[in-house]
Amino acid sequence: MSNTIKAIRGMQDLLPEKKARFRLIEDQARSVLMDYGYQEVGLPVLESTSLFSRLVGASTDIVEKEMYTFNDRNEESLTLRPEGTAGLVRFVNEHGLAFNQTQRLWYTGPMFRYERPQKGRYRQFDQIGVECIGMEGPDIDAELLLLSARLWSVLGLSNAVTLELNSIGDAESRQAFSAALVAYLTRFKADLDDDSLRRLTTNPIRILDSKVPTTQTLLEDAPVLSDFIDAASRKHFDGLCAILDAAGQPYRINQSIVRGLDYYNRTVFEWVTDQLGAQGTICGGGRYDGLVAQLGGKPTPCVGFALGLDRLALMLEDQATQGRSIDIYGVSVGEDARGKMLVLAEQVRTQLGLSIQVHAGAGKLKAQMKKADLSGAEIALIVAEDELAQDAVSVRELRGEGGQALVQTSALIEQLQRRFEQ
Ligand code: ATP
Ligand code: MG
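The written sequence of each chain sets the order in which its residues are numbered from 1. Lettering for chains starts from A, numbering for ligands starts from 1, and both go in the order in which the items are written. Local features are withheld for residues below a pLDDT of 70 in this predicted model, meaning they are given only at 70 or higher, and side-chain atom pairs are given and counted only at 80 or more; totals for whole chains, interfaces and linings count all residues. Note that water and hydrogens are dropped before the side-chain values are worked out from all heavy atoms of the structure.

Novice: When you look at the environment of Ala 86 in this model, what are you seeing that I'm missing?
Specialist: By the secondary structure assignment, Ala 86 is in helix H4 (residues 85-94). Assessed through its relative accessible area of 0%, Ala 86 is described here as buried. C-alpha separation for the pair Ala 86 and Leu 295, spaced 209 residues apart in sequence, amounts to 9.4 Å. A contact between two residues is defined here by any heavy atoms of the two lying within 4.5 Å. Among residues more than four places away in sequence, those in contact with Ala 86 are Leu 51, Phe 52, Leu 55 and Val 56. Only DSSP runs of H or I with at least four residues qualify as helices, and only runs of E with at least two residues qualify as strands; both kinds are numbered from the N terminus onward. Each residue gets one of three labels from its accessible area relative to the maximum for its type: buried under 20%, exposed over 50%, partly exposed in between, using a 1.4 Å probe on protein chains only.

The following block contains the structure:
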């Protein structure tokens, strides 16, 4: 039997280069969100199971088969959050943030879904969620779309993504549509795939999302949702399209976008790419005007979206992400020299605010110089036997024309300051 313990299936380890890509996306998103006046909040990863079964919907894929649910030591049923909106709504209700006020909030962190792992689909994945509370008009929907478009632009992905938009109306319009869809599809029951057959009784509208070719063919002649949309939702949608047109933001109206969670109404949208195969949705969202009231708050219009960092990071894989390299590399030969280098490095960080990585442990000068070169640092500080004897440090230029000078230890900080001011 092997003693090796491996990571859980579908839970990714992020090696430094990959983590740097996540960080880059998060940093850019944070900066764009700040430019629009959004505030970051922190939400727990664990919530009561009932929060999701009630708000996300009992017959959604997420609640039916994807949740990590367990009883804690107190026999309370808890769930690792599969998505962020339900928790955010609990949060705004609990802190009275939805009552007679507006909020523009965002959060980031891991989500957990028991799915079949594949490229772009993991059991732990990171999202950035952006949610607007208390704003009713299509202008805030438009703001969210323009904000996300700006993020793609900053990340250099504008040409790789397109916006797909739809309106799913209010609950009554969806009910009427659902009934018509069921009546139509029931006639073709024999031709439906198993998943769709099951959804016919649990969540018929989700059948529109089916990727099964025979089902897609059946849907070509099915009733269309837009024929059932209520007048107020239609007006809202027209208003949104008008703003996007005025802003020059391209979009495609896609009637089959219905989203996989129960809480959406009116506007729904997805940003999609053809670069990631089947996992082509990088961001999805919409209105959820009923959710705050459903959790006991006052009826409050809300709209939001979540973007998947893992998929975005995959899209950025071809682009070199320049990690920040360090300024200085500290080389030391011998035990006394090592101690001296550590002390000098602390002074460099404190007094100059420069970054310095020091060699740890033993190692020949030549091998250390090689590491210094690979580190990307601009200069190496060297303390070996000679330097120790003279109470000095060798300062060696690693880039350009090179060159090395012996500097008295007492003059080092001043010398470095001048060097890095250039
Ligand atoms: P999909 O149709 O791909 O399953 P979804 O509709 O379930 O996506 P949402 O719940 O809307 O996804 O989540 C928003 C975003 O989070 C997605 O667009 C995607 O980028 C990302 N995402 C969702 N599930 C996963 C996953 N299992 N692994 C990685 N990213 C994911
Ligand atoms: Mg999914």
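Novice: Help me understand helix H6 (residues 171-186) in this model?
Specialist: Along an α-helix, residues three or four positions apart point the same way, because every turn accommodates 3.6 residues. An expected span of 1.5 Å times one less than the residue number is assigned to each helix. The terminal C-alpha atoms of H6 lie 22 Å apart, and with 16 residues this matches the ideal 22 Å at 1.5 Å per residue to within 8%. Within H6 the residues assigned to the buried category are Ser 173, Arg 174, Phe 177, Ser 178, Leu 181, Tyr 184 and Leu 185. Viewed along the axis of H6, the buried residues span an arc of 130°, placing them on a single side of the element. Of the exposed residues in H6, the ones pointing more than 90 degrees away from its buried face are Glu 172 and Gln 175. Buried residues along H6 sit in contact with helix H7 (194-202), helix H8 (213-219) and strand E9 (265-272). The directions considered for the arc are those from the helix axis to the C-beta atoms.

Novice: I'm lost on the site of ligand 1 in this one. Help?
Specialist: Here a residue is near a molecule or strand as soon as one of its heavy atoms is found within 4 Å of it. For ligand 1, the set of nearby residues contains 14 residues, the closest of which are Arg 113, Glu 115, Arg 121, Tyr 122 and Arg 259. At 2.9 Å, a backbone N or O of Tyr 122 approaches a nitrogen atom of ligand 1. Within the contact set of ligand 1, an oxygen atom lies 2.9 Å away from a side-chain nitrogen or oxygen of Gln 127. Accessibility throughout is a Shrake-Rupley quantity obtained with a 1.4 Å probe, and a residue counts as covered only by protein chains that appear here. In isolation ligand 1 exposes 580 Å². Once the protein is present, 87% of that is buried. Among the elements of the structure, strand E6 (124-133), strand E10 (281-287) and strand E11 (302-308) are those that each provide at least two residues to the shell around ligand 1. Each residue is assigned to one class: nonpolar for Ala, Val, Leu, Ile, Met, Phe, Trp, Tyr, Cys and Pro, charged for Asp, Glu, Lys and Arg, and polar for all the others, Gly among them. Looking at the shell around ligand 1 residue by residue, the classes come out as five nonpolar, four polar and five charged. Polar contacts, as counted here, are pairs of nitrogen or oxygen atoms within 3.5 Å of one another; within protein the pair requires one atom able to donate a hydrogen and one able to accept it, and residues that are adjacent in sequence qualify only if both atoms are side-chain atoms.

Novice: Is there a simple way to explain the nonpolar core in this structure?
Specialist: Grouped burial of nonpolar side chains is what soluble globular proteins tend to show. Only buried residues count toward a nonpolar core, which is a set of Ala, Val, Leu, Ile, Met, Phe, Trp, Tyr and Cys residues joined through side-chain atoms within 4.5 Å. Formed by 45 residues in total, the largest nonpolar core has its most connected members in Val 56, Leu 88, Leu 185 and Tyr 288. Put simply, the parts of the chain that give this core at least two residues each are helix H2 (49-55), helix H3 (61-66), H4, strand E5 (103-112), E6, H6, H8 and helix H10 (291-294). Beyond its immediate chain neighbours, meaning those up to four positions away, Val 56 contacts Leu 51, Ile 62, Val 63, Glu 83, Ala 86, Leu 261, Asp 262 and Tyr 263. Listed in part, the 44 residues of the second largest apolar core include Ala 142, Leu 147, Cys 241 and Phe 269.

Novice: Help me understand the sheet that holds strand E4 (residues 77-80) in this model?
Specialist: Each strand in a sheet pairs with another by means of backbone hydrogen bonds, the pair being arranged parallel or else antiparallel. Here, strands pair whenever DSSP counts at least two bridges between them. In space, the three strands of this open sheet follow the order E2-E4-E3, with antiparallel pairing throughout. This sheet does not close on itself; its edge strands, each paired only once, are strand E2 (46-48) and strand E3 (68-71). Averaged over all pairs of adjacent strands, the angle between their axes in this sheet comes to 35°, without regard to strand direction. As judged from the three bridges shared by E2 and E4, these two strands associate in the antiparallel manner. Bridge pairing in E4 places Ser 48 opposite Leu 78. For helices, the fitted axis covers only the stretch in contact; all axes are lines through C-alpha atoms, and the angles between them, taken along N-to-C directions, range from 0 to 180 degrees.

Novice: Teacher, can you tell me more about the pattern of salt bridges here?
Specialist: Should their charged atoms come close, side chains of opposite charge can pair. Take a side-chain nitrogen of Lys or Arg and a carboxyl oxygen of Asp or Glu: if they are within 4 Å of each other, that pair is a salt bridge. Taken as a whole and assessed by the stated rule, the structure comprises 26 salt bridges. Close ionic contact of Arg 199 with Asp 61 constitutes a salt bridge, the shortest N to O distance being 2.9 Å. With Arg 199 in helix H7 and Asp 61 in helix H3, this pair connects stretches of sequence that are 138 residues apart. Across the pair, exposure class does not vary: Arg 199 and Asp 61 are buried alike. Salt-bridge contacts for Asp 195 lead to Arg 198; the nearest nitrogen and oxygen are separated by 2.9 Å. Note that Asp 195 and Arg 198 are positioned in helix H7 at a spacing of three residues, about one turn of the helix. Each of Arg 23, Glu 26, Asp 27, Arg 30 and Glu 40 takes part in salt bridges that share partners, so that together they form one network.

Novice: Can you walk me through the sheet that holds strand E16 (residues 404-408) in this structure?
Specialist: Sheet architecture is open: five strands sit in the order E13-E12-E14-E15-E16, paired in mixed fashion. In this open sheet, the two strands that pair with only one neighbour each are strand E13 (356-358) and E16. Sheet twist, expressed as the mean angle between neighbouring strand axes with direction ignored, is 25°. Those strands touched by helix H15 (residues 412-421) are strand E12 (328-332), strand E14 (379-383), strand E15 (392-397) and E16, and its axis lies near 165° from that of E14.

Novice: Can you help me understand the side chain of Glu 47 in this one?
Specialist: With respect to the helices and strands, the residue Glu 47 is situated in strand E2. With relative accessibility at 7%, the residue Glu 47 sits in the buried group. Looking at Glu 47, its side chain comes within polar contact range of the side chain of Arg 90, at 2.7 Å. The contacts of Glu 47, once residues within four sequence positions are left out, are Phe 52, Ser 77, Leu 78, Thr 79, Gly 87 and Arg 90.

Novice: Would you mind showing me how to read the side chain of Ser 148 here?
Specialist: Relative to the elements of secondary structure, Ser 148 occurs in helix H5 (residues 138-154). For Ser 148, the side chain forms a polar contact with the main-chain oxygen of Leu 145, separated by 2.9 Å. With sequence-adjacent residues up to four places away left out, Ser 148 is seen in contact with Trp 271 and Phe 305.

Novice: Just to check I follow, could you spell out the packing of helix H1 (residues 16-35) against H5 for this structure?
Specialist: For any two helices packed against each other, the geometry comes down to the angle between their axes and how far apart the axes lie. Remark: H1 packs on H5, axes separated minimally by 10 Å, with the N-to-C direction vectors making an angle of 140°. When the axis of H1 is compared with that of H5, the two are oblique. For the pair H1 and H5, the crossing hand works out as right-handed. Contacts between H1 and H5 pair Gln 28, Ala 29, Val 32 and Leu 33 from the former with Leu 147, Arg 150, Leu 151 and Val 154 from the latter. To sort the angles, those under 35 degrees are grouped as roughly parallel, those over 145 as roughly antiparallel, those from 65 to 115 as roughly perpendicular, and the leftovers as oblique. If you view the pair so one helix is near and one far, a crossing is left-handed when the near helix is turned anticlockwise from the far one by less than a right angle, and right-handed when it is turned clockwise.

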